[in-house]
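Spelled out from the first residue to the last, the chains are:
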Amino acid sequence: MESLLTKTAKPRDSATERILCAKRIFIIPLILLLGASAGWSQTVSVPLSHWAYDAVERWEIQGFIPTVFNGSRPMTRLEMAEYVSQAWQSYQKTPEKFTRVDLQQLNYLTLEFKQELAPQDIPDQYELFHPRLQRLFQGTPLKALNRIFYPNFRNLIALNHNAFNLYVDPVLSYSVQQKMDEETGKYQVNRISNGLQFYGNLGSYVGFYFDLTDNHVTDDRYEGSRIPFEVWEESGWPYLTRRDNGKFEFDDNVAYLSFNYKYFYVSYGREYNAWGVGHSGNMLLSENSTLYDHIKLVVRYWRFKFTHITAFLQYISPEGRESIKNQPHIDQYWSGNRLEFDAGKGIQIGLSEAVVYGDRSLQPGYLNPISFFKSVEHYYGDRDNGVLGIDLEWRIFNGLKIYGEWFIDDITTTKLGTKWYGNKFGWQFGTFLVNPLWVKNSDIVAEYTRIKPYVYSHNVEDYNKYKHYDTILGHYIGPNSDLLFLRYRKRFSKFLMVSLEYQKYRYGSNTEDFNAGGDPDRGRGDDDS
């Protein structure tokens, strides 16, 4: 084996030169932006699990907010605050249209995004909405601790010094899920999560976010035994600690730096992303996949929102999951562009493109936020896995929205309308009804998703599958499947909601002797019918 001490330096190849060039292209404008002297305040993203997304979408459907760009998430705190401000203005004009629960949520969100709303002169809601922590720390022996703990009645610790702001919170979560399948009947999954979250800013432009959780899951189907490899494989996590009592453990770390200036937002780090308008899942990019590192650019101006992401993925073979530490990993990359347009009258249109490629360096053509990836893919030898997507949302009238998406993995226009396997599509359509039959604080979602055989697979190279580790980057149902999703929700307060869901999932799986196009790891072979 060649020693590191005796190893001689090798001349740079052309690929290395391209990488250095791409780094310079990216770093130089960033330095110029950092040197700017004026701009908006910094901001970080709102986690995808935050209920604010649901609130602003409901208010948009009711006509309280003209437009919400639901198709690219997460949103920044500044963008979310803009929607909250619009809802607040609607409340000032027509307060009778807001229910008691709407007002509770609105008051809470004006407090949650207080810093971002400050320039818009929206008054503090302490008098109208008394947070529980405010009641706890005022008028009790805990009042003396209020200078240290929950000084703003939102965060455990809030440090503010000149241009530096830091907000710290513990993460404590316990969930119980009752499930059922055909083989084992009813079973229960318990999950306990604990950790630490903090975010803040340094100066007017630079933000940071950190969320680390340690998760402990128990599945009573495997009580007293070790969970099977198949369950681990389906979980999507690259590494799980499997116990002999049916438990498994994993950790999760979202962390990134962000930069915000006027219309531009740039972030680097690890974060979940979702592109699309569906509620059961998204076909082009979803939070189904495990975390990945990425560089993200967001531009918002007038009626447009543009997002570019380049993500750094890992490929391992399906056989490598049982001994992941000993298997070689192949570097993969996912690059995507998404443009959203507010056409007015409640209509929004989204156009997306993405490509997966691997086992070579970053390609400058896929780093270009205004290039057409299908054309670039042809330039690079037509060996990568490119996809396209188009989606539409239409608020027909206040209270009702319909939406749909068409996902294109591969297409040959001359064979449209035939049963040719190479036309690999997915489609999704649904309706979102708020306060149906005048039942206040309720909503109904009805959605259908269909993904044709061989979608997400690739015949050129294994590492060009539309996956990260062993999870699909798109909709979790995978190829050759469909899903009917129905949901009814009723809110009784900001803190209490009852939700009923029904899902009918059908999946055409492969067998050893027949390829039904149901496995993204197995493309269509010459011998498949």
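Residue positions are given per chain, counted from 1 along the sequence in the order it is written. Only residues with pLDDT of 70 or above have their local features reported here, since the model is predicted, and side-chain atom pairs are shown and tallied only from 80 upward, although totals for entire chains, interfaces and linings are computed over all residues. Values shown for side chains rest on all heavy atoms present in the structure; no hydrogens or waters enter the calculation.

1. Remarks on the overall build of the protein
Point 1. We count a stretch as a helix when DSSP gives it H or I for four or more residues in a row; a strand needs E for two or more, and each element gets its number in order from the N terminus. A tally of helices and strands in the protein yields nine helices and 21 strands.
Point 2. Scored against the burial criterion, the 529 residues of the protein give a buried share of 49%.
Point 3. Put simply, of all contacts in the protein between residues at least 6 apart along the chain, 59% involve residues at least 24 apart.
Point 4. On the protein, roughly 27,300 Å² of surface is accessible, and the fraction owed to carbon and sulfur atoms is 57%. Exposure categories follow from relative accessible area, calculated using a 1.4 Å probe and restricted to protein chains: below 20% of the type maximum is buried, above 50% is exposed, and the middle band is partly exposed. When checking whether two residues touch, look at their non-hydrogen atoms; a contact exists if any pair is within 4.5 Å. Computed by Shrake-Rupley with a 1.4 Å probe, the accessible areas treat only the displayed protein chains as cover when residues are assessed.

2. Some points on the nonpolar core
Point 1. What is meant by a nonpolar core is a set of buried Ala, Val, Leu, Ile, Met, Phe, Trp, Tyr and Cys residues, joined one to another through side-chain atoms within 4.5 Å. Core analysis: the biggest nonpolar cluster contains 36 residues, and W59, M80, L106 and F113 have the highest contact counts within it.
Point 2. Residue contributions to this core peak at seven residues, all from helix α3 (residues 77-93).
Point 3. Residues in contact with L106, not counting those within four places in the same chain, are W59, V84, A87, W88, Y91 and F98.
Point 4. Within the second largest apolar cluster, 21 residues are counted, among which are A311, L313, V387 and F407.

3. Topic: the environment of E249
Point 1. Here E249 is to be found in strand β7 (residues 247-261).
Point 2. The sequence separation of E249 and D214 amounts to 35 residues, and the corresponding C-alpha distance is 7.5 Å.
Point 3. Every residue in contact with E249, bar those within four places of it in the chain, is listed here: N215, H216, L240, T241 and R243.

4. Topic: the confidence of the model for the protein
Point 1. As a per-residue measure, pLDDT reflects the predictor's confidence and takes values from 0 up to 100. Here the protein averages 86 in pLDDT, and 85% of its residues register 70 or above.
Point 2. Considering only residues more than four positions removed or in separate chains, one finds that residues 1-40, a stretch of pLDDT under 50, has 30 contacts.

5. Structural notes on the pairing of strand β21 (residues 497-507)
Regular strands show a simple pattern: their side chains alternate between the two faces of the sheet.
Point 1. In this structure, strand β20 (residues 481-491) lies alongside β21, joined through 11 bridges in antiparallel fashion. Following the sheet pairing, R487 is matched in β21 by E501.
Point 2. Should DSSP find at least two bridges between two strands, the strands are regarded as paired. Linking two consecutive strands that pair antiparallel, namely β20 and β21, is a turn of five residues.

6. A word on the packing of helix α2 (residues 52-61) against helix α4 (residues 100-112)
Point 1. A fitted line through C-alpha atoms represents every axis, and for helices the fit uses only the stretch in contact; the resulting angles, taken between N-to-C directions, go from 0 to 180 degrees. Following both chains from N to C, one finds α2 and α4 inclined at 125°, their axes separated by 11 Å at the closest point. Taken as axis vectors, α2 and α4 run oblique relative to one another. The chirality of how α2 crosses α4 is left-handed. Contacts between α2 and α4 involve A52, A55, R58 and W59 on the former and, on the latter, D102, Q105, L106 and L109.
Point 2. Put simply, Ala, Val, Leu, Ile, Met, Phe, Trp, Tyr, Cys and Pro go in the nonpolar bin, Asp, Glu, Lys and Arg in the charged bin, and everything else, Gly too, in the polar bin. Here the contact of α2 with α4 is built from residues that sort into five nonpolar, one polar and two charged. Here roughly perpendicular refers to angles of 65 to 115 degrees, roughly parallel to angles under 35, roughly antiparallel to angles over 145, and oblique to all remaining angles. Less than a right angle of anticlockwise turn of the near helix away from the far helix marks a crossing as left-handed, whereas a clockwise turn marks it as right-handed.

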